[in-house]
Amino acid sequence: MPDDPPAHHTVPSSPDSGRLPDEHTENADSAAVDGNIHVGYWDSAADDRSLDQATDRLTDLVAGRHRLRSQAAHVAVQRHRRPARAPAFPARKEARHRCLRHFGEQLGDVTCLEPVHVGAQIDMGAWYGYKPLYRPEALGGVPRSVLIEALRAEGMEVGAPSGPRLSTLPLYARPENPLFPGTPKKGGAAESGSHAEHVERHALSLPAFTNWPGDRTLIDRYAGVFRKIGRHREALVRYAAGPSR
């Protein structure tokens with residue numbers, strides 16, 4: 001990296017735009033050693049905040065304009081912006097992986113579910129919920145809503161995923177571009193019979209357990225409730241077909 005003097009900040013063209021300095025300060029040079037590119041936001045040419053402060057400013061702006069869950073924001077800040085300050089994150093991530101792998105193993109004999117499969121070479125599951133797919137044909141066609149009702153009656157924290165398919169949202173389905181007005185964009189209606197539609201209609205949203213081995217007993221109880229539902233399949237079918245439904 002060149003030994004340039006501190007960068008002079010140009011005024012952003014609009015309140016929504018940030019900038020990547022054309023020159024590199026010593027601060028930026030040293031920040032790049034950790035393998036990350038750091039981007040900051042300065043309000044004006046007179047703004048003399050440091051690169052770390054400008055990075056904080058950009059993070060706040062992005063989080064304020066887009067839906068960003070609290071844990072995702074914490075992970076992004078602590079792991080990527082300040083990796084040296086997050087020594088506990090890899091251990092926490094591995095604990096969650098172990099919890100989810102164990103959950104999947106315990107659900108292997110539950111015929112009404114398709115457990116989440118994550119290959120050993122795949123790095124995921126650190127901060128998302130656990131979402132197996134429901135197989136209604138294994139429970140006599142009982143609707144997902146009735147299964148959720150039965151599981152909740154057993155004390156489980158469970159529901160349908162909160163978000164719809166992305167292809168059904170205006171941002172993707174409509175030709176108008178709400179993020180960059182006037183910029184051409186191709187809209188497309190959601191397709192019937194897609195895998196995404198199948199997941200939307202059959203997924204169950206379960207907790208993402210994080211404390212290993214402390215959550216193992218609770219995970220086993222959750223799996224046990226699914227087995228109990230399977231043993232009482234006929235009763236659930238009759239309940240689903242009852243006049244109160």
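Refer to the structure presented above.
The notes below deal with the structure included here. Every value quoted in this text rests on a predicted model; they were computed, and no experiment measured them.

What counts, and where the lines are drawn
- Residues numbered from 1 in each chain as written.
- Predicted model: local features only at pLDDT ≥ 70, side-chain atom pairs only at ≥ 80, totals over all residues.
- Heavy atoms only, no water.
- Phe/Tyr/Trp six-rings, centres within 6.5 Å; stacked < 30°, edge-to-face > 60°.
- Helix = DSSP H or I, 4+ residues; strand = E, 2+ residues; numbered from the N terminus.
- Buried < 20%, exposed > 50% of the residue type's maximum accessible area, 1.4 Å probe, protein only.
- Axes fitted to C-alpha atoms, helices over the stretch in contact; angles between N-to-C directions.
- Parallel < 35°, antiparallel > 145°, perpendicular 65-115°, else oblique.
- Left-handed = near helix turned anticlockwise from the far one by under 90°.
- Contact = heavy atoms within 4.5 Å.
- Nonpolar A, V, L, I, M, F, W, Y, C, P; charged D, E, K, R; others polar.
- Salt bridge = Lys/Arg side-chain N within 4 Å of Asp/Glu carboxyl O.

Re the packing of aromatic side chains
Link 1 in the chain: Per the counting criterion, the structure on display carries 4 aromatic pairs.
Link 2 in the chain: Judged by centre distance (5.7 Å) and plane angle (70°), the ring pair of phenylalanine 103 and phenylalanine 209 falls under edge-to-face. Pair noted here: phenylalanine 103 is in helix 4 (residues 89-106) and phenylalanine 209 is in the loop between helix 7 (195-202) and helix 8 (216-231), with a separation of 106 residues, a long-range link. Of the two residues, phenylalanine 103 and phenylalanine 209, both sit in the buried class.
Link 3 in the chain: Between phenylalanine 103 and tyrosine 222, the ring centres sit 6.4 Å apart and the planes meet at 85°, which makes this aromatic pair edge-to-face. Residue phenylalanine 103 is located in helix 4, and its partner tyrosine 222 is located in helix 8; the two are separated by 119 residues in the primary sequence. Tyrosine 222 carries the same exposure label as phenylalanine 103, and that label is buried.
Link 4 in the chain: Each member of the aromatic cluster is reached from another via a ring pair, and the members are Phe103, Tyr130, Phe209 and Tyr222.

Examining the packing of helix 4 against helix 8
Link 1 in the chain: Relative orientation of the contacting elements helix 4 and helix 8 amounts to 25°, with a least axis distance of 9 Å. As judged from the angle between their axes, helix 4 and helix 8 are roughly parallel. Regarding helix 4 and helix 8, the two cross each other, and that crossing is right-handed. Within the contact between the two elements, helix 4 uses Cys99, His102, Phe103 and Gln106 and helix 8 uses Arg216, Ile219, Asp220, Tyr222, Ala223 and Arg227.

Quick look at unusual backbone geometry
Link 1 in the chain: In this structure, the amide linkage connecting tryptophan 212 to the following residue, proline 213, adopts the cis form with an omega of 5°.
Link 2 in the chain: Within the element layout of this structure, proline 213 appears in the loop between helix 7 and helix 8.

What about the packing of helix 5 (residues 144-153) against helix 9 (residues 233-240)?
Link 1 in the chain: Orientation of helix 5 relative to helix 9, taken along the N-to-C sense of each, is 120°, at an axis distance of 11 Å. Classified by the angle their axes make, helix 5 and helix 9 are oblique. The handedness of the crossing between helix 5 and helix 9 comes out as right-handed. From helix 5, Val146, Glu149 and Ala150 reach across to helix 9, where they touch Leu236, Tyr239 and Ala240.
Link 2 in the chain: Grouping the constituent residues of the contact of helix 5 with helix 9 by class yields 5 nonpolar, no polar and 1 charged.

A look at the pattern of salt bridges
Link 1 in the chain: Applying the stated criterion across every chain, the model contains 7 salt bridges.
Link 2 in the chain: Between lysine 228 and glutamate 154 there is a salt bridge; the shortest N-O distance is 3.1 Å. On the criterion of sequence distance, the pair formed by lysine 228 in helix 8 and glutamate 154 in the loop between helix 5 and helix 6 (170-173) is long-range, its members being 74 residues apart.
Link 3 in the chain: Classification of lysine 228 as partly exposed rests on a relative accessible area of 31%.
Link 4 in the chain: Owing to a relative accessible area of 38%, glutamate 154 belongs among the partly exposed residues under this scheme.

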